[in-house]
Amino acid sequence: MQIQKCKKIEFPKIQDARGNLSFIEGGIHVPFDIQRVYYLYDVPGGAERGGHAHKGLHQLIIAMSGSFDVVLDDGLEKKRFHLNRSYYGLYVCPMIWRELDNFSSGSVCMVLASNRYDEGDYYRSYPEFIDAKKIL
Ligand code: TYD
């Protein structure tokens, strides 16, 4: 899977004087069925998260509050995305190394995932990830 498949997706936004509303439906606004939701919060200044790739997991990363950067790497190309709006998500396909940094204070990173948590789906070593990319 290549980095070109990873892109920002804009969600519907219902604007209202009482506050805006956005929604995400699995298989419609994201290209997979949602099996799991997790979120990062209380991230201390200067912290980095991620630093792994997934073998089969599809994910969508949203800055629910505040902002942060996501750096994606398919082994050939690296791309940095800045997320700072809750009506945009970054779709990350399988076999992409990702790192998250530059968290603003009070930011919340929500991730929609295509499968339940499975440690066996991770590459936690970059050289191991690169070796796996070579034989694909
Ligand atoms: P990890 O995915 O390594 O987080 P990050 O890449 O942001 O540093 O997860 C951190 C820990 O949390 C790890 O021990 C696994 C656990 N975890 C779960 O139990 N369930 C989950 O859905 C996730 C995402 C992580």
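The structure presented is a predicted model; accordingly, all values stated were derived computationally and were not measured.

Draft legend 1. Representation of the nonpolar core. Core analysis: the biggest nonpolar cluster contains 28 residues, and L60, I61, F68, V70, L72 and C109 have the highest contact counts within it. Every element with two or more residues in this core is listed here: β6 (59-65), β7 (68-73), β8 (78-83), β9 (88-92) and β11 (108-113). Not counting residues up to four positions away in its chain, the partners in contact with L60 are I9, F11, V30, F32, G89, L90, Y91, M110, V111 and L112. Listed in part, the seven residues of the second largest apolar core include A53, W97, Y123 and I130.

Draft legend 2. Summary view of the environment of R49. Structurally, R49 can be placed in strand β5 (residues 49-54). The class for R49 is partly exposed, based on a relative accessible area of 43%. For the pair R49 and F103, spaced 54 residues apart in sequence, the C-alpha separation works out to 9.7 Å. Here R49 is in contact with L40, E99, L100 and F103, once residues within four sequence places are set aside.

Draft legend 3. Structural view of the pattern of salt bridges. Counted according to the given criterion, the structure contains five salt bridges. Across the pair K134 and D131 runs a salt bridge, and its minimum N-O distance is 3.8 Å. One end of the pair is K134 and the other is D131, both in helix α1 (residues 126-134) and three residues apart, which spans about a single turn. Look at K134 and you get exposed, because its relative accessible area is 63%.

Draft legend 4. Geometry of the site of the ligand. Taken together, R36, Y38, R49, G50, H52, Y117, Y122 and R124 form the complete shell of residues around the ligand. The side chain of H52 places a nitrogen or oxygen atom 3.0 Å from an oxygen atom of the ligand. In the model, an oxygen atom of the ligand is placed 2.8 Å from a nitrogen or oxygen of the R124 side chain. A total of 530 Å² of accessible area belongs to the ligand in isolation, and the protein chains cover 61% of it. At the level of secondary structure, the elements contributing two or more residues to the shell around the ligand comprise β4 (36-40) and β5. With three residues, β5 is the largest single contributor of residues to the shell around the ligand. Of the residues belonging to the shell around the ligand, the class tally is three nonpolar, two polar and three charged.

Draft legend 5. Representation of unusual backbone geometry within the structure. You will see that M95, though not glycine, has its phi angle at about 60°, which is positive. Residue class for M95 comes out buried when judged on its relative accessible area of 7%. We note that N102 has phi near 60°; this positive angle belongs to a residue other than glycine. Summarising the element assignment, N102 is placed in the loop between β10 (97-101) and β11.

Draft legend 6. The arrangement of α1 in detail. Of the positions making up α1, those classed as buried are F129, I130, A132 and K133. Looking straight down α1, one finds its buried side chains confined to an arc of 160°; they lie on one side. Exposed residues on α1 whose side chains face more than 90 degrees from its buried face are P127 and K134. Among the residues of α1, the N-terminal cap falls to S125, whose side-chain oxygen and the backbone nitrogen of E128 are separated by 3.1 Å.

Cut-offs and rules
Residues numbered from 1 in each chain as written. Predicted model: local features only at pLDDT ≥ 70, side-chain atom pairs only at ≥ 80, totals over all residues. Heavy atoms only, no water. Core = buried A, V, L, I, M, F, W, Y, C linked by side-chain atoms within 4.5 Å. Buried < 20%, exposed > 50% of the residue type's maximum accessible area, 1.4 Å probe, protein only. Helix = DSSP H or I, 4+ residues; strand = E, 2+ residues; numbered from the N terminus. Contact = heavy atoms within 4.5 Å. Salt bridge = Lys/Arg side-chain N within 4 Å of Asp/Glu carboxyl O. Near = heavy atom within 4 Å. Polar contact = N/O pair within 3.5 Å; in protein donor to acceptor, adjacent residues only side chain to side chain. Areas by Shrake-Rupley, 256 points an atom, 1.4 Å probe, with all protein chains shown as cover. Nonpolar A, V, L, I, M, F, W, Y, C, P; charged D, E, K, R; others polar. Arc of directions from axis to C-beta.

Honestly, it's all geometry; don't read function into it.
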